[in-house]
Amino acid sequence: MNRRKFIKNAILFFPAAGVFRHLLKDAQAKPGNGKYDPANHLYGMGVDIGKCIGCGLCIEACKKENNVPKEPFFCRTWVERYVIKRDGSVTVASIEAQKEKPRAEETDVLRSFFVPKLCNQCDNPPCVQVCPVGATFATEDGVVLVDSKRCIGCRYCIQACPYGARYLHPETRTADKCTFCYHRIVKGMLPACVEVCPTQARIFGDLKSMASRLVRFTRINKIHVLKPHLNTEPKVYYAELDGEVR
Amino acid sequence: MKDMLKRIPEQIKRLAVVIAVIITGVVTVRYFILPSSLTDGRFHRQSTVERETAKNIVFAGATICGNCHGDKAEKKKAGYHKTVNCETCHGPAQSHIENPANKPAMSGGRDFCVFCHAYDQSRPTGFPQINPVLHNPLKACITCHNPHDPVPSQTPRECSACHAQIASIKTVSPHALIGCTSCHNVPEKHKVSPRSVRPTKPDTREFCGKCHRKESDRKDAPKIDLATHGERFLCWECHYPHRPERM
């Protein structure tokens, strides 16, 4: 084979191999046996403030299920304790995931309660809009995911999230957040936090199913979402939400 | 035209050829040789979804424990701890399911119960709370309360005294005038030992059909076609029976 022939063949071979590979990939990407179809689902969560006892087991379960680092204080879900005094002052503190001693009793309390928080899986997510590399996106069944292979750890999304639901994972150095335990829900299981909640303060369900507990929950309670004025259209629905909760 | 081409210096022409080759090269690499998962958003999303889906399950779920620990599950189902799942107390147990020799956590100490039951002013009123310093301080909780069926304490009479939430919801609903006992048969003993003596609950679609089927002679109730309406679901999977709505 002379040089001319070699170059000629090479010019033909590489693009042809590329085209072939492309076709092969497309063929493989065809939807498989079609058991779970995300188009038939849209997930959301209900939170009943009137039932939360602030035990923090949801935080612990989430960390165990999702390998969230124990230290420092990073969480995909957390619980805030509100104390509203008679003089109108409001204090908010995130409760510890660890089992703790009974809290000191405060005086002049008008009302006090716990508010579980997590990613709101917005229908209109600000975090997705700001990502410069398209690493975060909403799935068809309504869960916002992060592609940890693509994420460059620039923290824009962490800044953009109005609910503070994202953090930078100290080991992978990529953004991390609640996925509604995506690996569980696609198998028909409940998210770990819902699984362990002792008082059913968290209700998980499929908004596309008329018979889901969540749909019933949103109908029999007066529902609020967090920061509705931002137009993020959250899919975490709160019952008995106090006006002071931000 | 030919003149123009001729007037271009030889070195520029060669340069142009080189640039053209580079451009075709880049285009080939970008569109044909690189795997499409690198360039197409659809594929990288798909692979992210697959990666998420493949993650390990740690909590086995509430329903499976009863397969092997039926006695515990039965007991718990009727007691005050019925909403507290096994894994809430025993910790994640998927590895136990796969191999029962991996024993789940067992914390019989006082600290564990106190974690949920100690008095805290932020807790909802009505949730049973104790003062751990005063409540039988020297013994483990499980010496007096079975963790799978903690003992109830004494309670009062009227339906609304114990089912206040249901009663107050019902008074403002279309079913306001339908008494509790037209849907539930309540043995008198239920008011004394409510958990061991249970009222009946409607369990068929036909029950609601008594008033709501097309053929029913109850005039004030809106009618539906029992055969097709709501398909195979029970009525109360969609309508809350104590406050039914049209939706």
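In this report, we go over the structure that sits alongside the text. In this text, all values refer to a predicted model and were calculated from it rather than measured experimentally.

## Examining the overall build of chain B
Thought 1: If you tally the helices and strands in chain B, you get 13 helices and zero strands.
Thought 2: Along chain B, helices (α) and strands (β) appear in the sequence α-α-α-α-α-α-α-α-α-α-α-α-α when read from the amino end.
Thought 3: Every one of the 247 residues in chain B was classed for burial, and the buried ones make up 21%.
Thought 4: Partitioning the contacts of chain B with sequence separation of at least 6, the portion at a separation of at least 24 is 47%.

## A few points about the pattern of salt bridges
All names here are of chain A.
Thought 1: A full pass over the atoms with the stated rule returns 16 salt bridges over all chains.
Thought 2: Taking the shortest distance from any N to any O, the salt bridge between lysine 64 and glutamate 60 comes out at 3.8 Å. Residue lysine 64 and its partner glutamate 60 are located together in helix H2 (residues 57–66), separated by four residues, close to a single helical turn.
Thought 3: Given a relative accessible area of 18%, glutamate 60 falls into the buried group.
Thought 4: The closest approach of N and O atoms between aspartate 242 and arginine 111, which form a salt bridge, is 2.5 Å. On the criterion of sequence distance, the pair formed by aspartate 242 in the segment after strand S11 (236–239) and arginine 111 in strand S4 (residues 109–118) is long-range, its members being 131 residues apart.
Thought 5: A residue is classified by how much of its surface remains accessible, and aspartate 242, at 16% relative accessible area, is buried.
Thought 6: Residues participating in the shared-partner salt-bridge network are Glu65, Arg184 and Glu195.

## Overview of the pairing of S11(A)
Strand residues, when the strand is regular, have side chains that alternate between the two faces of the sheet.
All names here are of chain A.
Thought 1: Residues of S11 alternate between two faces, with Val236 and Tyr238 on one and Tyr237 and Ala239 on the opposite face, all of them buried.
Thought 2: Pairing analysis gives four bridges linking strand S1 (residues 43–48) to S11, with the strands arranged parallel. Counted as the bridge partner of glycine 46 is tyrosine 237 from S11.
Thought 3: Alignment of strand S10 (residues 223–224) against S11, held across two bridges, turns out to be antiparallel. Paired with isoleucine 223 across the strands is alanine 239, a residue of S11.

## Details of the nonpolar core
Thought 1: Counting 41 residues, the largest nonpolar core has Phe180(A) and Tyr238(A) as its most contacted members.
Thought 2: Looking at this core, the elements that each hand over two or more residues are S1, H2, strand S2 (77–85), S4, helix H5 (182–185), helix H6 (192–196) and S11 of chain A.

## Points about the sheet that holds S11(A)
All names here are of chain A.
Thought 1: Spatially, S9-S1-S11-S10 is the arrangement adopted by the four strands of the open sheet, whose pairing is mixed. On the outer flanks of this sheet lie strand S9 (202–206) and S10, each paired with one strand and no other.
Thought 2: With five bridges connecting them, S1 and S9 associate as antiparallel partners. From the neighbouring strand, glycine 46 faces S9, where its bridge partner is isoleucine 203.

## Describing the interface of chain B and chain A
Thought 1: Across the contact, 50 residues belong to chain B and 61 residues belong to chain A.
Thought 2: Summed over both sides, the interface of chain B with chain A buries roughly 4,900 Å², with 58% coming from carbon and sulfur.
Thought 3: When the buried area of chain B at its contact with chain A is split by residue, Phe59(B), Phe115(B) and Gln121(B) rank highest and sum to 14% of it.
Thought 4: There are two salt bridges connecting chain B and chain A.

## Brief notes about the packing of aromatic side chains
Thought 1: For the structure shown, the criterion picks out four aromatic pairs over all chains.
Thought 2: With a centroid separation of 5.5 Å and an interplanar angle of 20°, the aromatic rings of Tyr43(A) and Phe204(A) are classed as stacked. Placement of Tyr43(A) in strand S1 and of Phe204(A) in strand S9 is noted, with a sequence separation of 161 residues between them. For the residue pair Tyr43(A) and Phe204(A), the accessibility class agrees, reading buried in each case.
Thought 3: Following the ring pairs from residue to residue traces out a cluster consisting of Tyr43(A), Phe180(A) and Phe204(A).
Thought 4: Between Arg195(B) and the ring centre of Tyr80(B), over which it is positioned, the NZ or CZ distance is 3.5 Å.

## Some remarks on the environment of Cys68(B)
Thought 1: Within the secondary structure layout, Cys68(B) lies in the loop between helix H4 (41–53) and helix H5 (70–78).
Thought 2: Each C-alpha atom, one on Cys68(B) and one on Pro100(B), is 10.0 Å from the other, the two residues being 32 residues apart in sequence.

## Digging into the sheet that holds S2(A)
Residues and elements named next belong to chain A.
Thought 1: Strand order across the open sheet formed by three strands is S3-S2-S4, with antiparallel pairing between neighbours. Whereas interior strands pair on both sides, the edge strands pair on one side only; in this sheet they are strand S3 (90–94) and S4. Each neighbouring strand pair of the sheet contributes to a mean axis angle of 20°, computed without reference to strand direction.
Thought 2: With five bridges joining them, S2 and S3 adopt antiparallel strand pairing. Residue pairing in the sheet places arginine 81 in a bridge with alanine 93 of S3.

## What to know about the environment of Cys181(A)
Thought 1: Looking at the secondary structure, you find Cys181(A) in the loop between strand S8 (175–176) and H5.
Thought 2: As for Cys181(A) and Cys193(A), which are separated by 12 residues in sequence, their C-alpha atoms are 8.9 Å apart.

Analysis parameters
Residues numbered from 1 in each chain as written. Chains lettered and ligands numbered in written order. Predicted model: local features only at pLDDT ≥ 70, side-chain atom pairs only at ≥ 80, totals over all residues. Heavy atoms only, no water. Helix = DSSP H or I, 4+ residues; strand = E, 2+ residues; numbered from the N terminus. Buried < 20%, exposed > 50% of the residue type's maximum accessible area, 1.4 Å probe, protein only. Contact = heavy atoms within 4.5 Å. Salt bridge = Lys/Arg side-chain N within 4 Å of Asp/Glu carboxyl O. Pairing = 2+ DSSP bridges. Core = buried A, V, L, I, M, F, W, Y, C linked by side-chain atoms within 4.5 Å. Buried area = accessible area lost by both parts, 1.4 Å probe. Phe/Tyr/Trp six-rings, centres within 6.5 Å; stacked < 30°, edge-to-face > 60°. Lys NZ or Arg CZ within 6 Å of the ring centre and 35° of its normal. Axes fitted to C-alpha atoms, helices over the stretch in contact; angles between N-to-C directions.

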